[in-house]
Amino acid sequence: MEENRANSKPYNLLSKIKGLTRCLLKDICNGQSPVLYLDRYRNYCSNPTGNCSCSYEKQQGQDMLTLQRECHAHRLNVLLRVLLIVQKLLRENKHGSKRDIYYMYPSVFSEQAVVDRTINDICILFKCSRHNLNVVSVGKGLVMGWLRFMESGRKIDCMNSPNTAYSIPVHAEEVKDITGVAQYILIVEKETVFQRLADDQFCRANRCIVVTGRGYPDVSTRRFLRLLMEKLHLPAYCLVDCDPYGFDILTTYRFGSMQMAYDAKFLRLPDVRWLGAFPSDAENYQLPKRCLLPLTVEDKKKAEAMLLRCYLHQEAPQWRSELEIMLKTGVKFEIEALSVSSISFLSEKYVSSKIQDGVFI
């Protein structure tokens, strides 16, 4: 898999942990203040011209941590404590969640976000991905359709019952022998829409694979999707709510998240296409006014901030234009609103006709 970074095997990471702690101790023993340099990454900026140096490959400066600053001292303390836990996980070949790690020292970490940032810091420091540290998330993604694969020696045959939901594997590196007869992958934002498609036997009528991240996708879902696209060479279409949060979820799939910008090139799905729901769908499918909700102040602020993202200027100008239309009309609607005339409209008409007619961007 592309996610396998060089020098990210457990024994290499254990060696790096030992080397780092030795350097820090040496500085302290010599009466010097330890200094740690952390590269900074970003997958977008807010340059309105779109002319910037953002990159999925290159660092964007460095942060310097030193014991001479109290806030940095606390950050280093947290980092060393998390490293101790990671070292134990690697030595014992066990896996733990970010929540597991938080409860090791809750009084020191104070909140989950502190642990999350520290794990990202360690990944940047050792140039590895989170799963290389044996830190995993509790998988929440679901998959169904014309797909078969092996997971940790166990056969997962979705094709036996293509409209039955299966949990997405937490450890994508343990997924092998992927085969399928699908023609495309459909990514849906919400579990309710996923369930609607399952109830309507969508995968039996359409040779496809359907995946949902149940909201913002976790790392496991994005890694699994990337693996499917690489191995099966299938087009992928994404269906999200027509609101700023649905749009943000869409961009997370294609461009990655800012929090994990250091790993975006391994998690992003650059070839995913936006199938809907578009702002223009409200008129094209004659949605009644009761289905259209006004954008809140928070919605507008979020949309305006997203319009400034450089990757929309550079790589997805049509997506940006649709977001502008949403702001101009001042309304939003959920995917389910498209089924106002018929509960099975999504399954029987909307998805298949848009893919067949090429109505996606």
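From a predicted model like this one, the values you see are computed outputs, not experimental measurements.

Trainee: Looking at this structure, how should I read the environment of Arg-204?
Mentor: On the secondary structure map, Arg-204 appears in helix H7 (residues 202-205). Once residues within four sequence positions are removed from consideration, Arg-204 is found in contact with Trp-146, Pro-162 and Asn-163.

Trainee: Even after reading the chapter, I still don't get the sheet that holds strand E6 (residues 147-151), so can you show me in this structure?
Mentor: The three strands lie next to each other as E7-E6-E9, forming an open sheet whose pairing is antiparallel. With one partner strand each, in any of the chains shown, strand E7 (154-157) and strand E9 (175-180) form the two edges of the open sheet. The average angle at which neighbouring strand axes cross in this sheet is 15 degrees, direction not considered.

Trainee: How do you make sense of the pairing of E6 when you look at a structure like this?
Mentor: Side-chain direction in a regular strand flips from residue to residue, so the side chains alternate between the two faces of the sheet. Burial of the side chains of E6 is restricted to one face: Leu-147, Phe-149 and Glu-151 are buried, whereas none of Arg-148 and Met-150 on the reverse face is. In this sheet, E9 lies alongside E6 in antiparallel orientation, the contact comprising four bridges. Opposite Leu-147, over in E9, you have Gly-180 as the bridge partner. Bridge count between E6 and E7: four bridges; the pairing is antiparallel. Counted as the bridge partner of Glu-151 is Arg-154 from E7. Joining the antiparallel neighbours E6 and E7 is a turn of two residues, in which Ser-152 adopts a positive phi near 50 degrees.

Trainee: Just checking my understanding: could you explain the packing of aromatic side chains for this structure?
Mentor: The geometry of an aromatic ring pair is captured by two quantities: the separation of the ring centres and the angle between the planes. Taken as a whole and assessed by the stated rule, the structure comprises 15 aromatic pairs. Measuring from ring centre to ring centre gives 5.6 Å for Phe-149 and Phe-224, while their planes differ by 65 degrees; the resulting arrangement is edge-to-face. With a gap of 75 residues between them, Phe-149 in strand E6 and Phe-224 in helix H8 (residues 219-232) connect regions that are remote in the sequence. Phe-224 carries the same exposure label as Phe-149, and that label is buried. Relative to Trp-274, the ring of Phe-247 has its centre 5.5 Å away and its plane inclined at 75 degrees; by these criteria the two rings are edge-to-face. Of this pair, Phe-247 sits in helix H9 (residues 244-255) while Trp-274 sits in strand E13 (residues 273-276), and the two are 27 residues apart along the sequence. There is no split in this pair, since Phe-247 and Trp-274 are both buried. Sitting over the face of the ring of Tyr-105, Arg-81 holds its NZ or CZ atom 4.8 Å from the ring centroid.

Trainee: Which parts of the structure should I look at to understand the pattern of salt bridges?
Mentor: Once the charged atoms of two side chains with opposite charge are near each other, the side chains can pair. According to the stated counting rule, one finds 21 salt bridges in the structure shown. A salt bridge links Lys-302 to Asp-248; the nearest nitrogen and oxygen atoms lie 3.2 Å apart. Placement of the pair is Lys-302 in helix H12 (residues 297-307) and Asp-248 in helix H9, with a sequence separation of 54 residues. One exposure class covers both Lys-302 and Asp-248, and it is buried. Through salt bridges with shared partners, one network takes in Lys-190, Asp-241, Glu-334 and Glu-336.

The rules behind these values
Residues numbered from 1 in each chain as written. Predicted model: local features only at pLDDT ≥ 70, side-chain atom pairs only at ≥ 80, totals over all residues. Heavy atoms only, no water. Helix = DSSP H or I, 4+ residues; strand = E, 2+ residues; numbered from the N terminus. Contact = heavy atoms within 4.5 Å. Pairing = 2+ DSSP bridges. Axes fitted to C-alpha atoms, helices over the stretch in contact; angles between N-to-C directions. Buried < 20%, exposed > 50% of the residue type's maximum accessible area, 1.4 Å probe, protein only. Phe/Tyr/Trp six-rings, centres within 6.5 Å; stacked < 30°, edge-to-face > 60°. Lys NZ or Arg CZ within 6 Å of the ring centre and 35° of its normal. Salt bridge = Lys/Arg side-chain N within 4 Å of Asp/Glu carboxyl O.

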